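Residues per chain, in single letters:
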Amino acid sequence: MDTRFTRGKSNILERPLTRPKTEVSVSAFALLFSEMVQYCQSRVYSVSELQTRLADMGQSVGASMLDVLVLREKNGKRETKVLNMLLFIKVNVWKSLFGKEADKLDGFPAKVTAHWHKGTTLMIKFNESVIARDKALDGR
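Residues numbered from 1 in each chain as written. Predicted model: local features only at pLDDT ≥ 70, side-chain atom pairs only at ≥ 80, totals over all residues. Heavy atoms only, no water.

(A) Spotlight on the overall build of the protein. Across its full length, the protein holds five helices and two strands. When the 140 residues of the protein are sorted by exposure, 9% land in the buried category. Put simply, of all contacts in the protein between residues at least 6 apart along the chain, 15% involve residues at least 24 apart. Looking at the protein as shown, the accessible area adds up to about 12700 Å², and 59% of this sits on carbon and sulfur atoms. (Helix = DSSP H or I, 4+ residues; strand = E, 2+ residues; numbered from the N terminus. Buried < 20%, exposed > 50% of the residue type's maximum accessible area, 1.4 Å probe, protein only. Contact = heavy atoms within 4.5 Å. Areas by Shrake-Rupley, 256 points an atom, 1.4 Å probe, with all protein chains shown as cover.)

Encoded structure:
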């Protein structure tokens, strides 16, 4: 390739594949979040519809973020063991969201079983005390 076209510019093939981790300013995040809420508010007729739309947006953003983290931190290799998944969340996901590792991940009393239904599915059956506490929190 002729050097007169690339003079003073770094060659794209020589750049590293992993991008440096950057932080987003709080004001930019607040503006984006506010715009997302206003966008959804203008297109719904009830609070439950608003909650559903925001939850769908959040799920989409979260899934995309998880894909990026798995690609960056694990070179695209997803964890298959529950303990390794929890450690990935405790260290990598928490650090990218909040800037530091999680102190601890409290477990809930539950029974976890693996089943086969169009792929491996983990079924988590929570103890009745967890369900009662969740219902009490919803009643606030």
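(B) Fine view of the pattern of salt bridges. Enumeration over the complete set of coordinates arrives at three salt bridges. Between D67 and R78 there is a salt bridge; the shortest N-O distance is 2.4 Å. Here the residue D67 occupies a position in helix α3 (residues 47-74), and R78 occupies one in the loop between α3 and α4 (82-98), the gap between them amounting to 11 residues. R78 sits in the partly exposed class, given a relative accessible area of 47%. The partner of K74 in a salt bridge is E79, with the nearest N and O atoms 2.9 Å apart. K74 sits in the partly exposed class, given a relative accessible area of 31%. Taking relative accessible area as the criterion, E79 reaches 22% and is therefore assigned partly exposed. (Salt bridge = Lys/Arg side-chain N within 4 Å of Asp/Glu carboxyl O.)

(C) Focus on the environment of V44. Mapped onto the fold, V44 is located in the loop between α2 (26-41) and α3. Excluding its chain neighbours within four sequence positions, the residues that come into contact with V44 are E49, L50 and R53.

(D) Looking closely at the packing of aromatic side chains. This structure, assessed with the given rule, holds two aromatic pairs. Seen from their ring centres, F29 and F33 are 6.4 Å apart, and the 15° between their planes marks the pair as stacked. One end of the pair is F29 and the other is F33, both in helix α2 and four residues apart, which spans about a single turn. Residue classification places F29 among the exposed positions, given a relative accessible area of 54%. Residues W94 and F98 carry aromatic rings whose centres are separated by 5.2 Å and whose planes lie at 50° to one another, so their mutual orientation is tilted. With W94 and F98 both in helix α4 and four residues apart, the pair spans about one turn of that helix. Take W94: its relative accessible area is 31%, and that puts it in the partly exposed class. F98 gets classed as exposed once you look at its relative accessible area, which sits at 53%. (Phe/Tyr/Trp six-rings, centres within 6.5 Å; stacked < 30°, edge-to-face > 60°.)

Function cannot be inferred from these measures alone, as they are strictly geometric.
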